[in-house]
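One letter stands for each residue in the lines below.
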Amino acid sequence: MTPANRYDAAFKDIWNVNVPLKVRFFGWRCFRNRVPTKDSLRNKGILPISSNLGCVFCDNGTESILHSFLFCQNAGIVWKEIAEWIGIPFTIGVDLKDSFLNWSNSCRAKKVKSGKIGTVWLATLWSLWLSRNDIVFNNGSWNSRDVVWSCKALVKQIKP
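Rules behind the numbers
- Residues numbered from 1 in each chain as written.
- Predicted model: local features only at pLDDT ≥ 70, side-chain atom pairs only at ≥ 80, totals over all residues.
- Heavy atoms only, no water.
- 1 Å grid on protein atoms, 1.4 Å probe; cavity = no way out; pocket = protein on both sides within 12 Å on 5 of 7 lines; lining within 4 Å.
- Points joined across faces, edges and corners; volume = space filled by probe spheres on them.
- Helix = DSSP H or I, 4+ residues; strand = E, 2+ residues; numbered from the N terminus.
- Nonpolar A, V, L, I, M, F, W, Y, C, P; charged D, E, K, R; others polar.
- Axes fitted to C-alpha atoms, helices over the stretch in contact; angles between N-to-C directions.
- Parallel < 35°, antiparallel > 145°, perpendicular 65-115°, else oblique.
- Contact = heavy atoms within 4.5 Å.
- Buried < 20%, exposed > 50% of the residue type's maximum accessible area, 1.4 Å probe, protein only.
- Arc of directions from axis to C-beta.
- Core = buried A, V, L, I, M, F, W, Y, C linked by side-chain atoms within 4.5 Å.
- Expected span 1.5 Å × (residues − 1).
- Polar contact = N/O pair within 3.5 Å; in protein donor to acceptor, adjacent residues only side chain to side chain.

Enquirer: Before we move on, could you go through the layout of surface pockets and cite the residues and values that matter?
Expert: Taken as a whole, the largest pocket holds about 190 Å³ of empty space. For the largest pocket, the lining is made up of 13 residues, of which Cys30, Phe31, Asn33, Ile65 and Leu66 are closest to its centre. At the level of secondary structure, the elements contributing two or more residues to the lining of the largest pocket comprise helix 2 (21-31), helix 3 (38-43), helix 4 (65-71) and helix 6 (96-109). With three residues, the top contributor of residues to the lining of the largest pocket is helix 3. When its residues are assigned to classes, the lining of the largest pocket shows five nonpolar, four polar and four charged.

Okay, here's the thing in structure tokens:
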């Protein structure tokens with residue numbers, strides 16, 4: 001399967017994941033790079049050029065979709081713990097679509113039910129986003145355990 005066809009599968013598969021519609025829609029927006037991170041808001045002229053674009057999780061990189069959800073060291077702690085929780089290898093991927101497909105394939109290899117494939121991945125992404133928004137809008141602070149707990153709680157709420 002060529003990368004373009006592989007990514008087409010990610011766009012299709014995300015709509016079959018058993019999570020609330022707003023979570024699926026958020027994942028789709030992430031795939032399309034349509035999430036209001038600091039870098040995208042600056043690029044659209046919404047944030048001034050002089051704005052602090054630092055990642056709210058680590059402050060070691062620019063807040064972008066790729067950094068905040070995949071390459072940030074603190075987000076990586078969450079992904080690693082969630083991967084261990086469900087017993088799959090911890091992989092990051094080159095972008096969000098690649099990460100989603102890698103996790104989905106690992107879940108298929110573990111014989112996860114069809115509607116549940118991708119559930120944990122989307123729940124993790126959504127939990128990271130909610131944590132980011134709490135930090136930005138409510139002056140919250142980073143706590144990887146809270147994000148992991150939030151993800152696990154969302155997964156357990158979802159009926160098979």
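Past the structure itself, the notes keep going.
Enquirer: Report on the packing of helix 2 against helix 7 (residues 119-138), specifying residues and quantitative values.
Expert: Where helix 2 contacts helix 7, the axes come no closer than 10 Å and their chain directions differ by 80°. When the axes of helix 2 and helix 7 are compared, the pair comes out roughly perpendicular. Every residue of helix 7 that contacts helix 2 at Lys22, Val23, Arg24, Phe26, Gly27, Cys30 and Phe31 is listed here: Trp121, Leu122, Leu125, Trp126 and Trp129.

Enquirer: Describe helix 2, with residues and values.
Expert: For helix 2, every residue scored as buried is listed here: Val23, Arg24, Phe26, Gly27, Cys30 and Phe31. Buried residues of helix 2, seen end-on, are gathered within an arc of 160° and therefore sit on one face of the element. Every exposed residue of helix 2 that faces more than 90 degrees away from the buried side is listed here: Leu21 and Lys22. Asparagine 33 occupies a position one or two residues after helix 2 and carries a positive phi of about 60°.

Enquirer: An account of the nonpolar core is requested, with residue identities and associated values reported.
Expert: Among the nonpolar cores identified, the biggest contains 45 residues, and Phe69, Leu96, Trp103, Trp121 and Leu125 are the most heavily contacted of them. Taken together, the elements giving at least two residues each to this core come down to helix 2, helix 4, helix 5 (73-86), helix 6, helix 7 and helix 8 (144-157). The greatest single-element share of this core, amounting to nine residues, is contributed by helix 7. Leaving out residues up to four positions away in the same chain, tryptophan 103 has contacts with Trp79, Ile82, Ala83, Ile86, Ile88, Thr91, Val120 and Trp121.

Enquirer: Go over helix 8 with me, naming the residues and quoting the values.
Expert: With 14 residues, helix 8 extends 20 Å from end C-alpha to end C-alpha; this agrees with the ideal 20 Å at 1.5 Å per step. Along helix 8, the positions that sit buried rather than exposed are Ser144, Val147, Val148, Cys151, Leu154 and Val155. In an axial view of helix 8, the angular spread of the buried residues amounts to 125°, which keeps them on one side of the axis. Opposite the buried face of helix 8, by more than 90 degrees, sit the exposed residues Arg145, Trp149, Lys156 and Gln157. Packing partners of the buried residues in helix 8 comprise helix 5 and helix 7. Between a side-chain oxygen at the N-terminus of helix 8 and the backbone nitrogen of arginine 145 the separation is 2.9 Å; the capping residue is asparagine 143.

Enquirer: Let's hear about unusual backbone geometry: which residues, and what values?
Expert: With a phi close to 60°, aspartate 59 is a non-glycine residue in the positive phi region. Positionally, aspartate 59 belongs in the loop between helix 3 and helix 4. Within the chain, asparagine 139 stands out as a residue other than glycine whose phi angle is a positive 60°. Examined against the element boundaries, asparagine 139 turns out to sit in the loop between helix 7 and helix 8.

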